[in-house]
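Summary of structural features
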Amino acid sequence: MKAVALTRYLPIGDPQSLLDVTLPDPTPTGRDLLVRVEAVSVNPVDTKQRAPSAKVEPQPRVLGWDAAGTVAAAGPQVTLFKPGDEVYYAGDVTRQGSNSELQLVDERIVARKPKSLDFAQAAAIPLTAITAWEGFFERMRIDPAGASRGATLLIIGGAGGVGSIGIQIAKVAGLTVIATASRPETVAWVKELGADHVVDHSQPLRPQIEALGLKFVDYIANFNDTDRYWEAMGDLIKPQGAICLIVGNRAPLAQEGVRGKSAAVCWELMFTRPRFATPDMIEQHRLLTRVAELIDAGRIRGTLREVLRPINASNLRAAHAKLESGKMIGKLVVADWN
Ligand SMILES: NC(=O)c1ccc[n+]([C@@H]2O[C@H](COP(=O)([O-])OP(=O)(O)OC[C@H]3O[C@@H](n4cnc5c(N)ncnc54)[C@H](OP(=O)(O)O)[C@@H]3O)[C@@H](O)[C@H]2O)c1
């Protein structure tokens, strides 16, 4: 099968950083599906996993953890899918990724793709949707069914991949969403996605929140820089509120602020379930199924903004370079093998 892989960890400007390779076709066992990949999305996890280092892989390593495609074969213990099913999934960072014509993935973290989206549009969704859904509903315990209706949620980094789907998922749960964006085009995008208010993360947040008539917010989802907003989050969170973090901190985090507020601070890492094969890992199948239903019902729209064709090392290098600029709006997908 064709694949795009690395053996060395090089800056993305180096043509050797991602390579076109041919690898043996994998065979599914256990609960694995063998998926014929039609489209892949890029995420910061790809560029973080590819970060330059002296390490050398003995075998080509395939990145990419966001895909849509068709089930080509199923392992003997598979019960949820059959060959021919059109699926979407993020996958498992500890296994080979989706930048290959064929990929093995555990059925418990896969769902049928939204019928109303093509493969490229569908590939833009899974990793970011899992992150926002788990962050809101499982880590911060917001009620997806509406009991949290009217609560305020500040989303830091509203226009990126996670923010773009997160705003919409939070609106489905009835929250009042305050999204941050710092450029005219990202302000316009987050409003289009349903943000009730927009504040600029390049400016102090408190005066902007107070200008909305609020002293505190009930929930904060920080989809960008944990260290940079830590103090502001401690200041803005409501007493006994909850903060969800998805980006690792660089320096120790001071207790003041959140401790005085008895605020819950939750970490979300969407690879935790597949990585540890937790007994509830099938929840990712369930939540992706629910997201597909919401998309097909017209309650959540796709977040795809740009497609590069075909899937090859040159286009994936271009996609990584764009991502590394930090200026992404919505999602970028690489689709088709020819
Ligand atoms: N833990 C997990 O499971 C998990 C899952 C997914 C992603 N992540 C991490 O979450 C982060 C975001 O991922 P993503 O896919 O959303 O990234 P992304 O699409 O690359 O995010 C781009 C957006 O970031 C915004 N931004 C840039 N600088 C900012 C700042 N200082 N403060 C707030 N926003 C800023 C930009 O908005 P403006 O142009 O308006 O400034 C831009 O629209 C990454 O670090 C990623 O690794 C973690």
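What counts, and at which threshold
- Residues numbered from 1 in each chain as written.
- Predicted model: local features only at pLDDT ≥ 70, side-chain atom pairs only at ≥ 80, totals over all residues.
- Domains from an automatic or database assignment.
- Contact = placed C-beta atoms within 7 Å.
- Helix = DSSP H or I, 4+ residues; strand = E, 2+ residues; numbered from the N terminus.
- Nonpolar A, V, L, I, M, F, W, Y, C, P; charged D, E, K, R; others polar.
- Near = placed C-beta within 6 Å.
- Pairing = 2+ DSSP bridges.
- Axes fitted to C-alpha atoms, helices over the stretch in contact; angles between N-to-C directions.

The next subject is the domain arrangement of the protein chain. Assigned domains within the protein chain: domain 1 (2–125 + 278–335) and domain 2 (129–267). Computed from C-alpha atoms alone, the centre-to-centre distance between domain 1 and domain 2 is 27 Å. With 16 residues of domain 1 in contact, the opposing surface of domain 2 contributes 14 residues. The element best represented in the side of domain 1 that touches domain 2 is helix H9 (residues 283–296), accounting for five residues. When its residues are assigned to classes, the side of domain 1 that touches domain 2 shows nine nonpolar, four polar and three charged.

Near the ligand lie 33 residues; those nearest to it are Pro44, Gly160, Gly161, Thr186 and Ile246. Elements represented by at least two residues in the shell around the ligand include exactly helix H1 (44–49), helix H3 (126–139) and helix H4 (161–172). Classifying every residue of the shell around the ligand gives 15 nonpolar, 12 polar and six charged. If you count residues domain by domain, the shell around the ligand takes at least three from each of domain 1 (2–125 + 278–335) and domain 2 (129–267).

An order of E11-E10-E9-E12-E13-E14 is seen for the six strands of this open sheet, with the pairing classed as parallel. Every interior strand has two partners, whereas the edge strands, strand E11 (197–199) and strand E14 (264–267), have only one. The sheet shows a mean angle of 20° between the axes of neighbouring strands, direction not considered.

In this section: the pairing of strand E6 (residues 86–89). Of the strand pairs in this sheet, strand E5 (residues 67–74) and E6 are connected by four bridges, and their pairing is antiparallel. Paired with Thr70 across the strands is Glu86, a residue of E6. Judged from the three bridges that link them, E6 and strand E8 (residues 110–112) form a sheet pairing that is antiparallel. Paired with Tyr89 across the strands is Val110, a residue of E8.

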